[in-house]
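Understanding the architecture of this molecule
Now for the letters of each chain:
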Amino acid sequence: MAPKNMWFSLLGALALGRETAALNIQLEIEDRSISQFGTILTKSEIMARMTSEEALNRVLNRSHISEKPELVHLLAHDLADHLKSKGNATAGAISKHDHRHHHSHVVHRKDQPKGYGALSGARDMLNAMMDDAQAKLDNEVETCGTYNRETLDNLDKMRMDVASYNSAAAKARSIVLKSQGVISFTQLKIPEVEEALSQHQAQCATDKAALVAQIDVVAADLNVTASILEIIGDCDTAAQSALVQCRHCEKSGRGYVMIQSDVFQPLINKLKSAAAKSYLQTHLNQLYAENTEDEEPEQLSQEGVRHMTALMSGSSSNLRGASGASEDSEDEQDPSDPEYLASAGNASDLNISQVPDQTTPAECIPTNKCTLGSGSCTKIRDRFLYIQSGIQDMFSKLKGDLKALIDECDQVRVQKENQISDLTDQQRDAQTELAAATKDQVSSESSSNTIANEHKNLKAEYIKKMKECCDEQNDLKSEMCALEKIRGELYKMKGESVFITDCEVSDFKAGECSATCGGGFLTKTRSILVHPVNGMACPPLTEKESCNMQACPIDCVVGEWEGWSGCSAQCGGGVRERMRPVVTQMQYDGKPCEDTEETESCNSQSCNADCELADWSDWESCTQACNGGTNRRIRDVKVPAVGTGTCPDIQSEARLQFRKCNTQSCTSFYDKQGYLTCKSKIDLIIMLDGSGSVGWYGWYMTKIFANRLIEHLDAA
């Protein structure tokens, strides 16, 4: 028989009753020959292969046959002799049974029935043995069928469990690899960011120290200019100081300008910052140019040049007098000076002459290196006010730069520290995930291997058991066929013809199971196809068996949706998501979970958007009470522009409007002196320009104006 036909014969013989079980059997044995289970033969196949002597041997070797001595004697002697006479059996085969049963049956030969009565009794005993064999066969089919179904269910569950654990192990492995990647990345990135932070901190400290040093220098320069302005005062008693320009001291050829003063120039030499020196030379050159526009500058003598050069370098003492002696000569004397030696001793003890005075170079010897211009205390004071304001601006700028540097350094520091913190959190989370995933992987792999070994052992046991089932059923069928054949041979031996029909029934038909899952019962029924006549009685027509032993499916149950997360982008299209928890996990082929995560697009507007303006404000108060003023109203920005979007300028007509108001003349408001007195209740702030560009006289007149303005305000 072909393997495919053998397969369907096996299904029919085992009465599986379920297509799924048959499919599982096929999956289990599709890679092996069906012969490993054995083959269940049909009655006709067995009868065709079985000879009468084989049937006789099988019946005589049947267990409990010795309990029927009359039948044994009939078969072992009469039927055996009949078969010998027909030449259908060897003498050895028959004599073996005759010798084994001879002594036990001889004593009964006188009482044994003869003729049709003996044959009828033998027939009934053979029919009873056939009934017993049929009952055993039915029980074997039921037992093997139940074992087959349950074992296949267990094998299938094991396969599913192995697949599930393999999937869990693979998922855990992917998490392990991902976590290891994150850990490797953070282990490299954290030291890199920490080093960048350290370098940033060091650079910030260097830059801060440099700026602080510059601020200190500029602050010192401010103190210098304040000292100079304090000395100048109101120019009431200060002496006029001339300006000296030395062109050979400046590479640009513009000339280096100094003040011909032993008081001012040493203070000027204390200016250290490049900005202060630049401001000083710019304004002194401008002042020198103004003072020499209408008069020719006077050339300075060689002695004056040397003196101013010494003052510029800060190495000169005060100007020497006409005698050539220093004003501080009484305090500081050179011991090697002959004049000092002469005066130190007793002149009456020495016959020496007095040391002559040093000859002063003639002042009339001109030089073209430095020129002298007239100076004005007021103008010099105004210029130093300019210089002071410039240095003050530089000081304010440096202070602002220092604050900006500190803010920027703090901002970058916070960013780096946050980055390190985020990386550390990522590393910690990855290490936690790695530990959990490694544990899950090991656990899943162990469970997979354990269940796979159990599956292997159970499958081997299943194959062995099912082969035993096939062999046992074939043996019981062979026993029934042997009994049927011997029964026929007995009637042939007697030469009698009796109509004998064994009961034939249909295959069982399974009824509906009492439960769809979790274990139930069903009733199998079969009908009589051929009623028995002098043959084997009919077996039970109904049977009960368990069914649907598999666990009931458990559907997944999910909870309520949580709130939406924030959008991933402010513009240009982003996504937001929400989640819901799983309350009950799916089990036993239940309904799978619906989506537990949901996303949707958000902020799809363009990232390049023009600003949105608010409504116009109310008109403001008129700027003047008479002679025509203006009202103003504005539009603020409600939504700022985004990206490359545009927004009207605050001074544009789209955001700023004016209209005329209070056009009446102010003449009616003048008092007798022709002044306008203000009586409006307003908050008035008077701001006066005190910068160096105003000058001393300008500042004087500004204060007079402010006083008169306040006088004409109604104090009430």
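Below: a short report on this structure.

Analysis parameters
Residues numbered from 1 in each chain as written. Predicted model: local features only at pLDDT ≥ 70, side-chain atom pairs only at ≥ 80, totals over all residues. Heavy atoms only, no water. Phe/Tyr/Trp six-rings, centres within 6.5 Å; stacked < 30°, edge-to-face > 60°. Helix = DSSP H or I, 4+ residues; strand = E, 2+ residues; numbered from the N terminus. Buried < 20%, exposed > 50% of the residue type's maximum accessible area, 1.4 Å probe, protein only. Expected span 1.5 Å × (residues − 1). Bend = angle between axes of the 7 residues up to and from the residue. Core = buried A, V, L, I, M, F, W, Y, C linked by side-chain atoms within 4.5 Å. Contact = heavy atoms within 4.5 Å.

**Section: the packing of aromatic side chains**
Summed over the entire model, instances satisfying the criterion amount to 1 aromatic pair. Consider the rings of tyrosine 147 and tyrosine 462, whose centres lie 6.3 Å apart with planes at 20°: the pair is stacked. With tyrosine 147 in helix H7 (residues 116-232) and tyrosine 462 in helix H12 (residues 377-494), this residue pair connects regions lying 315 residues apart in the sequence. Judged by relative accessible area, which is 18%, tyrosine 147 ranks as buried.

**A short note on unusual backbone geometry**
In this model, aspartate 589 sits at a positive phi of 60°, which is unusual for a non-glycine residue. Its place among the elements puts aspartate 589 in the loop between strand S12 (582-584) and strand S13 (597-602). Despite not being glycine, asparagine 662 has its phi angle at roughly 50°, a positive value. Relative to the helices and strands, asparagine 662 is located in the loop between strand S17 (656-661) and helix H13 (695-711).

**What to know about helix H5 (residues 69-86)**
Compared with an ideal rise of 1.5 Å per residue, which puts 18 residues at 26 Å, H5 spans 24 Å between its outermost C-alpha atoms and is within 8% of the ideal. Where H5 bends most, at alanine 80, the angle is about 30°. Listed as buried for H5 are Leu71, Val72, His73, Leu74, Leu75, Ala76, His77, Leu79, Ala80, His82 and Leu83.

**Some words on helix H9 (residues 274-291)**
With 18 residues, H9 should cover 26 Å at 1.5 Å per step; its first-to-last C-alpha distance of 26 Å lies within 8% of that length. Turning to H9, its buried residues number three or more, namely Ala275, Ala276, Leu280, Gln281, His283, Leu284, Asn285, Leu287, Tyr288 and Asn291.

**A closer look at the nonpolar core**
Judged by nonpolar contacts, the single largest core of 34 residues is most densely connected at Leu56, Leu75, Leu79, Ile486 and Leu490. Every element with two or more residues in this core is listed here: helix H4 (52-60), H5, H7 and H12. When residues no more than four places from it in sequence are discounted, the contact partners of leucine 79 are Leu56, Leu74, Ile486, Glu489, Leu490 and Met493. Counting 32 residues, the second-largest nonpolar core is a separate cluster that includes Ile228, Ile232, Ile268 and Ile380.

**Some thoughts on the side chain of threonine 151**
Considering the arrangement of structural elements, one finds threonine 151 in helix H7. Relative accessible area serves as the criterion here: at 4%, threonine 151 is assigned to the buried category. Sequence-distant contacts of threonine 151, defined by excluding residues within four places in its chain, comprise Leu458 and Tyr462.

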